[in-house]
Amino acid sequence: MRPFNHINANTLDEVSDALKKGGAVAIAGGGDLLSALKDDIFHEYPKTVINIKSVPDLDYIKSDDGTLKIGALTTLADIARSTITAENFDILAQAAGKASSPALRETTTIGGNLCQLPRCWYFRKLNNRFDCARKGGERCFAFTGDNRYHSVFGGATFETASGEKRTCIAVNQGELAPVLTVLGAKFQTTERLIDAADFFGVGVMNATVLNCGEILTEIQIPIPETARKNRYKRFAFRKSIDFPVINLAISVDNKNNYRICLGGVAPVPYVAAKAEALLNGREITEELAEQAGDAAAEGAKPFEANAYKVPLIKTLVKRELLAL
Ligand SMILES: Cc1cc2nc3c(=O)[nH]c(=O)nc-3n(C[C@H](O)[C@H](O)[C@H](O)COP(=O)(O)OP(=O)(O)OC[C@H]3O[C@@H](n4cnc5c(N)ncnc54)[C@H](O)[C@@H]3O)c2cc1C
Ligand code: SF4
């Protein structure tokens, strides 16, 4: 790891100001950021690491006026064992309890989980060996390289600081993103309130739509008035301490309105809108579940190396619908 200044922030303004000056990164639990610093993956190594965990009052889970509110610094372990979460949002507790490892879940936060950088192995290669488009470099190495874990629904195009257009095919593999999307969560930041479905994005060293210096402060989830049925499923190659290759969240209300979102298949969490439209208002049967699986994968254009993800999407969606 290279040397950097470390600041324990007392306020969110202090964090925002440091980030806006440039050359700084924010750290919460460090589960994602510390390995990026250690592996020296940056286009420009940060001069300052500013600790958000020292900002008070951002670590809580509370029910308030029909909404579950979770502070951005709440750890995944606290979310997984919270009775308020389990009672209202079983799939959130399940997903939080499956990310990374028991030890990491004690220190890593929901905010960091939602803002984590992509896992693409070119992006993560030691000593910035591949200075790719997502870091501000010229090109995407995965297009012609090893893209077995990459998007099957195309790339996301974004602009670099100098206004050039670049495309990235890395996927969002975060554990909680699909779950919070189907639960209709909203994210409070230091600047605005953003729907979960609009929060994720693709930019240089960024996997959200947050502006420079904008900090996620609270996750708000509406507590449904009538019970919903939910499912969360992750497919990973190893049983523990492995990112999901694909993760899936489904939520359905008592009128059979379905919300389905997949991680690991597209640059941002993928809402399976065609499957939702097919299912809405209908009771699940074996045949309908199979059709919905096909609809969820419709439009996929995989590479040869990640074509396995297409039948995986179909099977996961079908099985989890039947398990509802
Ligand atoms: C061995 C290992 C296994 C892992 N397995 C999984 C897994 O299975 N599933 C999974 O989802 N993740 C996994 N992770 C990644 C990581 O641990 C988690 O995503 C974790 O929740 C990150 O949270 P953190 O608080 O440690 O974030 P940090 O590492 O501190 O921060 C991550 C990023 O988010 C930004 N950030 C943090 N908080 C905020 C905020 N409030 N507002 C704005 N930006 C913010 C930081 O600047 C940084 O860029 C794994 C990591 C390791 C090392
Ligand atoms: S997929 Fe994205 S992160 Fe990976 S090499 Fe291409 S531009 Fe970089």
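As shown above, the structure is provided for reference.
Here, residues in each chain are numbered from 1, in the same order as that chain's written sequence. The lettering of chains begins at A and the numbering of ligands begins at 1, in the order of writing. Local features in this predicted model are restricted to residues whose pLDDT is 70 or higher, and side-chain atom pairs enter the listing and the counts only when it is 80 or higher, whereas totals over whole chains, interfaces and linings include all residues. To obtain the side-chain values, all non-hydrogen atoms of the structure were used and water was disregarded.

1. Quick look at the pattern of salt bridges
It is possible for side chains of opposite charge to pair when their charged atoms get near one another. For this analysis, a salt bridge means a side-chain nitrogen from Lys or Arg found within 4 Å of a carboxyl oxygen belonging to Asp or Glu. Tallying each qualifying case throughout the model produces 19 salt bridges. Here Arg81 and Asp78 are joined by a salt bridge, their closest N and O atoms 3.0 Å apart. Here the residue Arg81 and the residue Asp78 both occupy positions in helix H3 (residues 76–81), the gap between them amounting to three residues, near one helical turn. Burial here depends on accessible area, computed with a 1.4 Å probe over protein chains only, as a share of the maximum for the residue type. Under 20% is buried, over 50% is exposed, and the range in between is partly exposed. Look at Asp78 and you get partly exposed, because its relative accessible area is 28%. Salt-bridge contacts for Glu175 lead to Arg234; the nearest nitrogen and oxygen are separated by 2.7 Å. Here Glu175, found in the loop between strand S7 (165–168) and helix H9 (177–182), pairs with Arg234, found in strand S13 (residues 229–235); they are 59 residues apart in sequence, far enough to count as distant. Numbering of helices and strands starts at the N terminus; helices are DSSP runs of H or I of at least 4 residues and strands are runs of E of at least 2.

2. Some thoughts on the environment of Val171
Within the secondary structure, Val171 sits in the loop between S7 and H9. Residue class for Val171 comes out buried when judged on its relative accessible area of 8%. When the C-alpha atoms of Val171 and Phe199 are compared, they prove to be 15 Å apart, with 28 residues separating the residues in sequence. Note on contacts: a residue pair qualifies if any of its non-hydrogen atoms lie within 4.5 Å across the two residues. Ignoring sequence-local partners within four residues, the contact set of Val171 consists of Tyr149, His150, Ser151, Gly264, Val265, Ala266, Pro267 and Lys309.

3. So, the nonpolar core
Buried residues of nine kinds, namely Ala, Val, Leu, Ile, Met, Phe, Trp, Tyr and Cys, make up a nonpolar core once their side-chain atoms join them within 4.5 Å. The biggest cluster of nonpolar side chains holds 32 residues, and the ones touching the most others in it are Leu92, Leu114, Leu176, Leu180, Phe187, Ile219 and Ile221. Put simply, the parts of the chain that give this core at least two residues each are strand S5 (67–71), H3, helix H5 (90–96), helix H7 (110–115), H9, helix H10 (196–199) and strand S12 (216–222). If sequence neighbours within four positions are ignored, Ile219 has contacts with Leu68, Lys69, Ile70, Ala72, Ile110, Leu114, Leu180, Ala185, Lys186 and Phe187. Listed in part, the 27 residues of the second largest apolar core include Val252, Tyr258, Ala266 and Ala295.

4. A short note on the pairing of strand S10 (residues 200–203)
Residues Phe200 and Val202 of S10 are buried on one face, and the alternating residues Gly201 and Gly203, pointing to the opposite face, are buried as well. Here, a strand pair is defined by DSSP locating no fewer than two bridges between the strands. Sheet topology places S10 next to strand S11 (residues 206–208); two bridges connect them, and they run antiparallel. Note that in S11 the partner of Gly203 across the bridge is Asn206. If you look at the hairpin formed by S10 and S11, you'll find two residues sitting between the two strands, and Met205 has a positive phi there, around 50°.

5. Here we look at the site of ligand 1
We call a residue near a molecule or strand whenever a single non-hydrogen atom of that residue lies within 4 Å of it. Contacts to ligand 1 come from 30 residues, most closely from Ala26, Ala28, Gly31, Leu33 and Thr109. Between ligand 1 and the protein, one listed contact pairs an oxygen atom with a backbone N or O atom of Gly29 at 2.8 Å. Counted as a polar contact is a pair of N or O atoms within 3.5 Å, where, for protein atoms, one must be capable of donating a hydrogen and the other of accepting one, and residues adjacent in sequence contribute only when both atoms are in side chains. Arg234 places a side-chain nitrogen or oxygen 3.0 Å from an oxygen atom of ligand 1. A total of 980 Å² of accessible area belongs to ligand 1 in isolation, and the protein chains cover 90% of it. Of the residues that constitute the shell around ligand 1, the class distribution is 15 nonpolar, eleven polar and four charged. Surface accessibility follows the Shrake-Rupley procedure with a 1.4 Å probe radius. Residue values consider only the protein chains on display as shielding. Each residue is assigned to one of three groups, with Ala, Val, Leu, Ile, Met, Phe, Trp, Tyr, Cys and Pro labelled nonpolar, Asp, Glu, Lys and Arg labelled charged, and all others, Gly among them, labelled polar.

6. Describing empty space enclosed by the protein
Definitions used throughout: a 1 Å grid over protein atoms alone; a cavity as a set of points that fits a 1.4 Å probe which cannot get out; a pocket as an open set with protein on both sides within 12 Å along at least five of seven lines; a lining residue as one with an atom within 4 Å of a point. Grid points are joined across faces, edges and corners, and a volume is the space filled by probe spheres set on the points. If you walk through the whole model with that rule in mind, you get two cavities of 30 Å³ or more. Its volume calculated, the largest cavity comes out at about 120 Å³. Lining the largest cavity are 16 residues, with Gln116, Pro118, Val171, Asn172 and Ala207 positioned closest to its centre. Those elements that provide at least two residues to the lining of the largest cavity are H7 and S10. Broken down by element, the lining of the largest cavity gets its largest block of residues, three residues, from S10. For the lining of the largest cavity, the residue count by class is eight nonpolar, six polar and two charged. Each pocket or cavity is described by its volume, and for the second largest cavity that value is around 80 Å³. In terms of lining residues, the second largest cavity is bounded by 15 residues, among which Cys120, Cys132, Arg134, Cys140 and Cys168 are the most central.

7. Some remarks on the site of ligand 2
If you check the shell around ligand 2, you find 13 residues, and the closest are Cys120, Cys132, Cys140, Cys168 and Ala170. Here the criterion for a molecule occupying a pocket or cavity is that more than half of its atoms lie within 2 Å of the pocket grid points. If you map ligand 2 onto the pockets, it falls in the second largest cavity. For the shell around ligand 2, the class distribution of residues is eleven nonpolar, one polar and one charged.

8. Regarding the sheet that holds strand S1 (residues 5–8)
Pairing is parallel in the open sheet, where three strands are placed in the order S1-S3-S2. In this open sheet, the two edge strands, each paired with only one partner strand, are S1 and strand S2 (24–27). For this sheet, the mean angle separating the axes of adjacent strands, direction not counted, is 25°. Under this scheme, a helix contributes an axis fitted over its contacting stretch, all axes are lines through C-alpha atoms, and angles between N-to-C directions fall in the 0 to 180 degree range. This element, helix H1 (residues 12–21), spans S1, S2 and strand S3 (48–51) of the sheet and lies at about 145° to S2.

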